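So the chains spell out like this:
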Amino acid sequence: MNEGEGSDRELVRSAQRGDEQAFRRLVEKYQRRVYQLAVGMLKDADEAMDISQETFVRVHRYLPSFKGDSSFFTWTYRIAMNLCLDQQRRAGRSQRVDAGDGADADQAEIEAAMDPPSYALAGPQRQALNQELKAKMEEALGELSENHRAILLLRELEGLSYEELARVLGIRKGTVMSRLFHARLKMQKKLREYLGEEAPEGEEE
């Protein structure tokens, strides 16, 4: 995701020199997306607001040491994601990682063939994207493990690239591809259950 990276670099450099207006522009640019990520992870608007605020407190604190090895966007999302995961663990809501998260080549090849993003939400469901379905999708997301929920939110809703996902989540690209593949399968299965649809013939579930 390269859009805006040039202007971000200029704003970051200015903010590192103490320009509070430049920092405020960075906050305004990303605060809504950080908040949406936190809501998706925590399912609580107040907690999400706290996480969003704490994210930018930490961004401000650590900005002088930010070297620009990744984009500002990716760096900020990683801070927000870590705060969300910490909050879930503190609240005792951390779920065991789903089995089948390995990164073997066959799964990676399947994942590559499944692009573009939003595959999990494609098909008949997309045509009926109304309030009821959105509620069902939120329910389905809420039942996924934290790892699978996080990667779907970041890929499907935020459109992060595999490289950005690897940096934000702190995992290898191969693991990103495999985890996304399994998360999409589980999401599809749960949506079919909610919508009363039959699994496609021959699908193993």
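Residues numbered from 1 in each chain as written. Predicted model: local features only at pLDDT ≥ 70, side-chain atom pairs only at ≥ 80, totals over all residues. Heavy atoms only, no water.

Participant: Even after reading the chapter, I still don't get the environment of V12, so can you show me in this structure?
Facilitator: As for its placement among the helices and strands, V12 is situated in helix α1 (residues 5–16). As for V12 and K67, which are separated by 55 residues in sequence, their C-alpha atoms are 10.0 Å apart. (Helix = DSSP H or I, 4+ residues; strand = E, 2+ residues; numbered from the N terminus.)

Participant: I keep staring at the pattern of salt bridges and nothing clicks. Help me out?
Facilitator: Two side chains that carry opposite charge are able to pair once their charged atoms sit near each other. Across all of its chains, the model carries seven salt bridges by this definition. The partner of E143 in a salt bridge is K190, with the nearest N and O atoms 3.3 Å apart. Remark: K190 occurs in helix α10 (residues 173–195) and E143 occurs in helix α7 (residues 131–143); sequence separation between them is 47 residues. Residue E143 is classed as partly exposed on the basis of its relative accessible area, which comes to 45%. On the accessibility criterion, K190 (19% relative accessible area) is buried. R184 is the salt-bridge partner of E156, the closest N and O atoms lying 2.8 Å from each other. Placement of E156 in helix α8 (residues 146–157) and of R184 in helix α10 is noted, with a sequence separation of 28 residues between them. A relative accessible area of 10% places E156 in the buried class. Its relative accessible area of 0% is what places R184 among the buried residues. (Salt bridge = Lys/Arg side-chain N within 4 Å of Asp/Glu carboxyl O. Buried < 20%, exposed > 50% of the residue type's maximum accessible area, 1.4 Å probe, protein only.)

Participant: Would you mind showing me how to read the packing of aromatic side chains here?
Facilitator: Any pair of aromatic rings gets described here by the distance separating the centres and the angle formed by the planes. Counted according to the given criterion, the structure contains six aromatic pairs. The interplanar angle of 25° and the centroid separation of 4.6 Å between the aromatic rings of F66 and W75 together place this pair among those described as stacked. Each member of the pair, F66 as well as W75, carries the same accessibility label: buried. A ring pair is formed by F72 and W75, whose centres lie 6.0 Å apart and whose planes are at 50°; its orientation type is tilted. You can see F72 and its partner W75 sitting in helix α4 (residues 72–90), three residues apart, about one turn around the helix. For F72, a relative accessible area of 3% corresponds to the buried category. (Phe/Tyr/Trp six-rings, centres within 6.5 Å; stacked < 30°, edge-to-face > 60°.)

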